[in-house]
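As a plain string of letters, each chain reads:
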Amino acid sequence: MSETAIHLERLIARRVRGVEAAARREILICIVAALFFAAVVAWRFGYVPWVALVWSAAALYRFRREIWRPAAGEMAVTGLAHYRAVLAGRRDLLRQAWLWQGPLLLSCGTLAVVALGQAHGGLARWRNMAPFLTLLAVWVVLAMVLRRREAAELQREIDELGPGGA
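Residues numbered from 1 in each chain as written. Predicted model: local features only at pLDDT ≥ 70, side-chain atom pairs only at ≥ 80, totals over all residues. Heavy atoms only, no water.

Which parts of the structure should I look at to understand the pattern of salt bridges?
Between side chains of opposite charge, pairing is possible as soon as their charged atoms come close. Under the criterion given, the structure shown has 4 salt bridges. A salt bridge links Arg15 to Glu157, with the nearest nitrogen and oxygen atoms 2.9 Å apart. Of the two residues, Arg15 sits in helix 1 (residues 2–45) while Glu157 sits in helix 6 (residues 122–161), which places them 142 residues apart along the sequence. A relative accessible area of 34% places Arg15 in the partly exposed class. Notably, a salt bridge pairs Glu26 with Arg147, separated by 2.5 Å at the nearest N-O pair. Placement of the pair is Glu26 in helix 1 and Arg147 in helix 6, with a sequence separation of 121 residues. Overall, Glu26 belongs to the buried group, its relative accessible area being 18%. Given the relative accessible area of 8%, Arg147 is considered buried. (Salt bridge = Lys/Arg side-chain N within 4 Å of Asp/Glu carboxyl O. Helix = DSSP H or I, 4+ residues; strand = E, 2+ residues; numbered from the N terminus. Buried < 20%, exposed > 50% of the residue type's maximum accessible area, 1.4 Å probe, protein only.)

See below:
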């Protein structure tokens, strides 16, 4: 009986580490994507999207604990309640679409306004930007769909754990 409990605790600890690693990876990918977007826009269109840069810095500050926190196995906290809390935190984070897509959408809108303000380029400027803006729109929609799907999966897993603390 105790051998089964030990295996269950190991499985829970492994799953917690996996969920935390996925959250860390997601945060870093979104920050890198915003910085990449800013670099491409600055290089290609001669406009520095400060919104994306400031948002990335703010996200690094906001999520510093999630990014650089010690792994769950190194902490004294284990158990089903902790696992449920980790899942709920990840689910809530995924549901905040504006947090993830905000810098890209704001930078894209700002870029469009700047391009409109520079009317001397006319339709050619918009034609040059169209593939970039289309790719960005597809990226944002796909990312939102995937995050909602993952949040729903996490909610199902929380529901399967049954009622309890956290």
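Any chance you could explain helix 2 (residues 50–62) here in plain terms?
Think of an α-helix as 3.6 residues a turn; residues three or four steps apart then line up on the same face. Along its 13 residues, helix 2 runs 18 Å from first to last C-alpha, staying within 8% of the 18 Å computed at 1.5 Å per residue. Where helix 2 is concerned, the buried positions are Ala52, Ser56 and Ala59. One side of helix 2 holds all its buried residues, which, seen down the axis, span an arc of 65 degrees. Facing away from the buried side of helix 2 by more than 90 degrees, the exposed set consists of Trp50, Val54 and Tyr61. (Expected span 1.5 Å × (residues − 1). Arc of directions from axis to C-beta.)

Any chance you could explain the nonpolar core here in plain terms?
Inside soluble globular proteins, nonpolar side chains tend to come together where they are buried. Membership of the largest hydrophobic core is limited to 11 residues, which are Ile12, Val16, Val19, Tyr83, Val86, Leu87, Ala88, Leu94, Ala151, Leu154 and Ile158. Contributions of two or more residues to this core are made by helix 1, helix 4 (80–94) and helix 6. Grouped together as the second largest cluster of nonpolar side chains are 10 residues, Phe45, Tyr47, Phe132 and Leu136 included. (Core = buried A, V, L, I, M, F, W, Y, C linked by side-chain atoms within 4.5 Å.)

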